[in-house]
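# Working through the structure, step by step
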Amino acid sequence: MTALTDDTLPVTPRAMRDEMIVFVVMALLLASVPFSGIYPFFVMQALCFALLACAFNLLIGYGGLLSFGHAMFLGTAGYCSAHALKVWALPPELGILVGVAGAFVLSIVTGYISIRRQGIYFSMITLALSQLLYFLYLQTPFTHGEDGIQGIPQGHLFGVFDLSKPTVLYYVVLVGFLAGFLLIYRIINSPFGEVLKAIRENEPRAISLGYRTDQYKFLAFVLSGTLAGLAGSLKVFVAQNASLTDVHWSMSGEVVLMTLVGGLGTIFGPVVGAFAIIAMQQYLAGFGQWVTVIQGSIFVICVLTFRRGVVGEIAHYFRRSL
Amino acid sequence: MQALYAQLLVGLINGSFYALLSLGLAVIFGMLNIINFAHGALYMMGAFCAYFLLNLVGLNYWWALLIAPILVGIFGMILERTMLQWLTGLDHLYGLLLTFGIALIVQGVFQNYFGSSGLPYAIPDQLKGGINLGFMFLPIYRAWVVIFSLVICVATWFLIEKTRLGAYLRAATENPTLVRAFGVNVPRMITLTYGLGVGLAALAGVLSAPINQVRPLMGADLIIVVFAVVVIGGMGSIMGSIITGFALGVIEGLTKYFYPEASNTVVFVLMVLVLLVKPTGLTGRAA
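These numbers were taken from a predicted model, which means no experiment stands behind them.

Rules and cut-offs
- Residues numbered from 1 in each chain as written.
- Chains lettered and ligands numbered in written order.
- Predicted model: local features only at pLDDT ≥ 70, side-chain atom pairs only at ≥ 80, totals over all residues.
- Heavy atoms only, no water.
- Helix = DSSP H or I, 4+ residues; strand = E, 2+ residues; numbered from the N terminus.
- Rg over C-alpha atoms; globule rule 2.2 N^0.38 Å.
- Buried < 20%, exposed > 50% of the residue type's maximum accessible area, 1.4 Å probe, protein only.
- Contact = heavy atoms within 4.5 Å.
- Areas by Shrake-Rupley, 256 points an atom, 1.4 Å probe, with all protein chains shown as cover.
- Lys, Arg positive; Asp, Glu negative; His and termini not counted.
- Charge placed at Lys NZ, Arg CZ, Asp CG, Glu CD.
- Salt bridge = Lys/Arg side-chain N within 4 Å of Asp/Glu carboxyl O.
- Buried area = accessible area lost by both parts, 1.4 Å probe.
- Polar contact = N/O pair within 3.5 Å; in protein donor to acceptor, adjacent residues only side chain to side chain.
- Nonpolar A, V, L, I, M, F, W, Y, C, P; charged D, E, K, R; others polar.
- Phe/Tyr/Trp six-rings, centres within 6.5 Å; stacked < 30°, edge-to-face > 60°.
- Lys NZ or Arg CZ within 6 Å of the ring centre and 35° of its normal.
- Patch = residues over 30% accessible without salt bridge, like charges linked within 9 Å, V, L, I, M, F, W, Y side chains within 5 Å.

### Points about the overall build of chain A
From N to C terminus, chain A includes 14 helices and 4 strands. Its C-alpha atoms give chain A a radius of gyration of 19 Å, within 12% of the compact-globule value 20 Å for 322 residues. Dimensions of chain A, computed from C-alpha atoms along their principal axes, come out at roughly 50 × 45 × 40 Å. Residues counted as buried form 58% of the 322 residues belonging to chain A. At a minimum sequence separation of 6, the contacts of chain A that also span at least 24 residues come to 78%. Summed over its atoms, the accessible surface of chain A is roughly 12,900 Å², and 68% of this surface lies on carbon and sulfur atoms. When the 17 positive and 15 negative side-chain charges of chain A are each reduced to one mean point, those points stand 7 Å apart.

Okay, here's the thing in structure tokens:
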């Protein structure tokens with residue numbers, strides 16, 4: 001079996017130290033954004049997608065499962081949070097909780113169904129399930145169909161932090177992202193993560209060693225979906241709306257693209273990929289449908305020549321794990 | 001009752017497209033081990049080919065039926081030779097990602113020049129009008145689509161299951177190295193297989209042009225439904241894909257009559273049910 005990530009280095013104390021250094025540098029860089037004059041809205045948006053891509057990467061990079069429907073968690077959590085904030089008028093912290101809970105329930109249901117098939121079928125099933133959900137959201141009244149839920153109040157987090165101030169909102173999103181990122185990092189390096197990697201490399205052997213691989217894959221799916229939901233809930237505060245574009249298959253494709261560009265199965269790759277793709281969309285917004293063509297070309301180029309992704313190539317060059 | 005029969009006919013027509021497309025997917029998957037995400041885009045290209053042939057070259061529907069699959073098939077073979085063949089030996093998922101990229105490129109280019117609205121394509125004169133069957137009015141073109149697709153499906157099944165060429169093909173699916181040792185040019189056969197699968201998609205595109213209009217995104221949502229059809233039917237059997245395709249089209253048509261709200265989700269719901277009851281699909285072997 002040819003694994004998606006061909007050179008996995010053993011986890012050594014040195015690798016852990018490297019990763020923590022890069023993490024601290026990344027956190028400091030991101031924390032200094034409000035002082036740098038960069039448009040914070042752009043970075044916040046990129047952070048939400050970076051978290052989504054990291055959650056997606058947990059499944060593909062460490063579990064070997066390519067989900068082509070991860071937008072359904074983003075969109076579902078977005079709708080749940082938006083509904084809780086606007087209609088139930090809940091405070092932000094509970095709004096986030098409702099969104100994450102929605103994604104958690106959805107990932108249990110969809111995971112139970114899709115985990116029954118492997119490889120290419122798994123991708124097709126997740127894609128079909130997200131399309132099913134797209135049509136449901138198009139018709140159910142609570143999502144307001146094509147209009148989406150708009151004008152969502154941002155409110156005060158824990159009654160203290162005023163989320164309508166861009167700087168406060170930025171740090172709240174940053175904390176959410178870093179917490180999610182560290183959780184994923186912890187999962188990857190836990191005994192659970194090691195078993196997951198073993199399943200990715202050789203599932204029959206993992207089964208013969210006595211692991212119930214389906215349970216591991218299911219748990220990975222639920223973790224990934226729930227964390228993707230956290231990204232969706234945070235995005236509601238940034239965009240102040242929840243719409244059908246977040247559930248559409250093209251959104252799932254974008255997440256795949258971000259992770260592929262950054263590097264499948266690398267820890268920092270999805271973050272780099274998300275920033276690259278969001279920046280590209282920002283700068284090329286005036287070119288209309290050519291953006292789709294460029295995204296397609298990046299897919300083709302990455303798959304044909306650049307399968308390790310940006311971070312994967314760097315890590316490979318320095319023989320480090322990043 | 002009139003409306004029920006009309007929806008049944010619409011279901012049969014959608015079923016023909018599902019069958020032609022899932023058949024192509026199954027043939028390609030058998031030889032290349034790739035799920036061709038670009039299938040919907042190539043189906044759209046078939047329809048656009050027919051449109052260009054009529055409006056730029058002046059060749060009518062019947063010529064389009066012949067030429068469009070050949071042109072799109074050649075385009076597919078170029079794709080296979082320049083890109084897909086480099087993926088041999090890699091994880092299956094890379095094939096999915098590459099063809100998804102190709103689909104985005106093709107659809108994006110067409111959307112740029114033709115927007116998202118539909119271009120009309122007239123029904124050919126010989127197939128205009130309809131017959132009154134007493135219990136319903138049968139438009140001739142729609143009957144033609146169903147019958148012609150059925151013939152093409154059965155012909156493809158015959159080609160693969162009953163001829164010498166098909167035997168080589170099936171042998172190469174099982175063990176390409178051994179077949180190559182017998183002197184069969186397997187890489188060329190792989191290219192031709194991709195051309196055949198893609199040609200079937202283009203043919204479906206030409207057939208659908210007069211019914212559904214010619215739109216850049218006409219294949220984008222369709223391919224996802226066809227994926228669900230493939231999950232339900234499994235890709236192990238050619239006849240299995242044909243029957244599943246038609247059957248699901250009919251079920252969708254019936255849903256449109258009895259419970260229209262669920263008509264665009266019924267195939268996905270059926271997929272979920274099949275996965276819960278028989279995870280390997282109706283005809284499929286374990287993947």
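### Regarding the pattern of salt bridges
Residue and element names in this part refer to chain A. Applying the stated criterion across every chain, the model contains 8 salt bridges over all chains. The shortest N-O distance in the salt bridge between Arg-200 and Glu-201 comes to 2.7 Å. Classification of Arg-200 as buried rests on a relative accessible area of 7%. For Glu-201, a relative accessible area of 32% puts it in the partly exposed group. The salt bridge partner of Arg-308 is Glu-313, with a shortest N-O separation of 3.7 Å.

### What to know about unusual backbone geometry
The phi angle of most residues is negative, glycine excepted, and most peptide bonds adopt the trans form. All names here are of chain B. Here Asn-33, not a glycine, exhibits a phi torsion of approximately 55 degrees, which is positive. Its place among the elements puts Asn-33 in the loop between helix H1 (2-32) and helix H2 (39-57). Not every positive phi belongs to a glycine, and Gln-213 is a case in point at roughly 65 degrees.

### Some remarks on the interface of chain B and chain A
Taken together, the contact between chain B and chain A spans 48 residues of the former and 41 residues of the latter. A combined buried area of about 4,300 Å² lies between chain B and chain A, and 77% of that area is made up of carbon and sulfur atoms. Looking only at chain B, the three residues that lose the most surface to chain A are Leu93(B), Tyr94(B) and Leu97(B), adding up to 16% of its buried area. On the surface where chain B and chain A come into contact, there are 0 salt bridges. Our count for the chain B to chain A interface comes out at 5 residue pairs in polar contact (both at pLDDT 80 or more). Elements supplying a minimum of two residues to the side of chain B that touches chain A: helix H4 (92-114), helix H9 (220-233) and helix H11 (266-277) of chain B. In terms of residues, the side of chain B that touches chain A owes the most to one element, H4(B), which gives 17 residues. Split into classes, the residues belonging to the side of chain B that touches chain A amount to 33 nonpolar, 12 polar and 3 charged.

### Details of the packing of aromatic side chains
Working definition: an aromatic ring pair is given by the centre-to-centre distance plus the angle between the planes. Inspection of every chain in the model, using the stated rule, returns 33 aromatic pairs over all chains. Both rings, one in Tyr134(A) and one in Phe135(A), keep their centres 5.8 Å apart while their planes meet at 75 degrees; by these two values the pair is edge-to-face. No difference in accessibility class separates Tyr134(A) from Phe135(A), as the two residues are buried. Among the aromatic residues, ring-to-ring pairing joins Phe68(A), Trp249(A), Phe299(A), Phe37(B), Phe100(B) and Phe227(B) into one connected group. Its guanidinium or amino end placed over the ring of Tyr121(A), Arg117(A) lies 3.9 Å from that ring's centre, counting from NZ or CZ. The aromatic ring of Tyr94(B) is capped on one face by Arg307(A), whose charged end is 5.7 Å from the ring centroid.

### Some points on the side chain of Lys217(A)
Residue and element names in this part refer to chain A. By secondary structure assignment, the location of Lys-217 is in helix H10 (residues 213-239). A residue is classified by how much of its surface remains accessible, and Lys-217, at 3% relative accessible area, is buried. Other than its neighbours up to four places away in sequence, Lys-217 contacts Leu-65, Ile-115, Gln-118, Ile-199 and Glu-203.

### A short note on the environment of Arg186(A)
Residues and elements named next belong to chain A. Here Arg-186 is to be found in helix H7 (residues 166-188). Residue Arg-186 is classed as exposed on the basis of its relative accessible area, which comes to 51%. Expressed as a C-alpha distance, the spacing of Arg-186 and Arg-117, which sit 69 residues apart in the sequence, is 27 Å.

### Describing a nonpolar patch on the surface
Judged by side-chain polarity, Tyr112(A), Val269(B), Leu273(B), Leu276(B) and Val277(B) come together as a nonpolar surface patch covering roughly 480 Å² of accessible area. Ranked by the residues each element gives to the nonpolar patch, the list is headed by H11(B), at 4 residues. Judged by relative accessible area, which is 46%, Leu273(B) ranks as partly exposed.

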